[in-house]
Amino acid sequence: MNINFSRYDTLTTLLAGTTAALTIVISQPAIAKTPQEVASIAGPLTVQINSSLGDGSGVIIAKNGKTYTVLTVNHVVEKADVKYTVRTSKGKNYQATSVTRLQTAETDPDLAVVKFESPEEYPVATIADSDQAVIGTQIFVYGYPATGGLFGAEREPELSPGLVTSRPGNRPEGYTLRYQAVTWSGMSGGPVFDSEGRVIGLHGQGEFGFAQTSSGEVAPIKTGFNAAVPINTFIAKLVAAGINKSELKVDNTPPTTGPVSTANPQDAQAYYFRGLSRLDQDNPSDAIDDFTKALSFKPNYTPELYFNIGNARTLIASIETTRAPSAIQAYTRAIEANPGFADAYYNRALAYLENKNQPKAIADFQKAAELYKQGGRTTAYQDALNRIKQLQ
């Protein structure tokens, strides 16, 4: 069974507040712009979208006089009877003057357009061809995470680098741009940039996935993968959005640097990324082979390698009738290498439950809750507490 993603990067969803499992940044060849340069482009373009239901992000894509158009994901603004406020990079708050929801059915892409009026001058994002974001492409997710006890207007912007891991032809709600990056609650609707600082997608899905257990139940696991709706999907919806293409700044020239090549891996980085890509494409056995080869180079991201081996073994167990090698050992190695790896404790607790070891599962959920609380991951903390309560 595939690992499927949940929308949860806003406070309006059940599991909001969890963060992606991986905390490393894989070194890349020289890129057109440094992360600092991308952040300087992203900052003035990206806005908060706040309401009584939760927090989200968005990006300014057009301007007509004093009216600005913000692109976001629909689940940030899906309630028609709620008032939404746009907070800009200058700390100014504006009531949304209109909300156009492009998702009118479950099969539609998770997109929406919000407008606000301001006498202030804000730049407009440059849009690129998202079809050029192939596997191995460097991306940057930008948004306003609700972490560390900060919510609403208190949030500060965050830039998260990553790599595209798969480009499936069809996914629910249009989430066909998938990547490995660290994201947080509140970043839904935030722009995904290419290495040139151009918008290629709207982030909206986080790293919480599901795998079927041997008993037939569906168990959640922390994965580290994320997904966005590609900007080309939005371009195809311009008429429904009431926008002329002439209002947009479009630059479809190819990026100056190509994707990371994994055709013939020669080092830990290449094996590790190919393993991630294979895992994201539901090929866990080959992913484990790549992660194991990456480990032979003794890289400094050993905990993440073991963590993903555990995830791959969990997926194997969910799709094969024969019993797969236990994920518990892999998660244990991840914890030994990084005793603060909260998601490894969480996933190991689920593996203990699969093995009918409730006491150890409770102990791991308790440790995960403690670490989530220390890290300001409020909803993940509450989720772990709820699981403990269900087991006691």
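Residues numbered from 1 in each chain as written. Predicted model: local features only at pLDDT ≥ 70, side-chain atom pairs only at ≥ 80, totals over all residues. Heavy atoms only, no water.

## A short note on the packing of helix H9 (residues 358–374) against helix H10 (residues 378–391)
Now for step 1: With their axes 8 Å apart at the nearest point, H9 and H10 run at an angle of 160 degrees to one another. Classed by the angle they form, the pair H9 and H10 counts as roughly antiparallel. Helix-helix and strand crossings are classified by hand; for H9 and H10 the assignment is left-handed. Seen from H9, the contacting residues are Gln358, Ile362, Phe365, Gln366, Ala369, Tyr372 and Lys373; seen from H10, they are Ala380, Tyr381, Ala384, Leu385, Arg387, Ile388 and Leu391. (Axes fitted to C-alpha atoms, helices over the stretch in contact; angles between N-to-C directions. Helix = DSSP H or I, 4+ residues; strand = E, 2+ residues; numbered from the N terminus. Parallel < 35°, antiparallel > 145°, perpendicular 65-115°, else oblique. Left-handed = near helix turned anticlockwise from the far one by under 90°. Contact = heavy atoms within 4.5 Å.)

## Considering the packing of aromatic side chains
Now for step 1: Tallied over the full model, the rule gives 10 aromatic pairs.
Now for step 2: Their ring planes at 55 degrees and their centres at 6.4 Å tell us that Tyr346 and Tyr372 sit as a pair that is tilted. Residue Tyr346 is located in helix H8 (residues 342–354), and its partner Tyr372 is located in helix H9; the two are separated by 26 residues in the primary sequence. For the pair shown, Tyr346 and Tyr372 are each scored as buried.
Now for step 3: Every member of this aromatic cluster is reached through a ring pair, and the members are Tyr68, Tyr94, Phe116 and Tyr122. (Phe/Tyr/Trp six-rings, centres within 6.5 Å; stacked < 30°, edge-to-face > 60°. Buried < 20%, exposed > 50% of the residue type's maximum accessible area, 1.4 Å probe, protein only.)

## A few points about the sheet that holds strand E6 (residues 93–95)
Now for step 1: Spatially, the 7 strands line up as an open sheet ordered E6-E5-E2-E3-E4-E8-E7, and their pairing is antiparallel. In the strand order of this sheet, the two ends are held by E6 and strand E7 (98–101), each with one partner. In this sheet, neighbouring strand axes are inclined to one another by 30 degrees on average, regardless of whether the strands run parallel or antiparallel.
Now for step 2: Relative to strand E8 (residues 112–117), E7 runs antiparallel, the two being bridged by 4 bridges. Within E8, the residue paired with Ser98 across the bridge is Lys115.
Now for step 3: The strands touched by helix H1 (residues 35–45) are strand E2 (46–51) and strand E3 (54–64); relative to E2, the strand with the most contacts, the crossing angle is about 40 degrees. (Pairing = 2+ DSSP bridges.)

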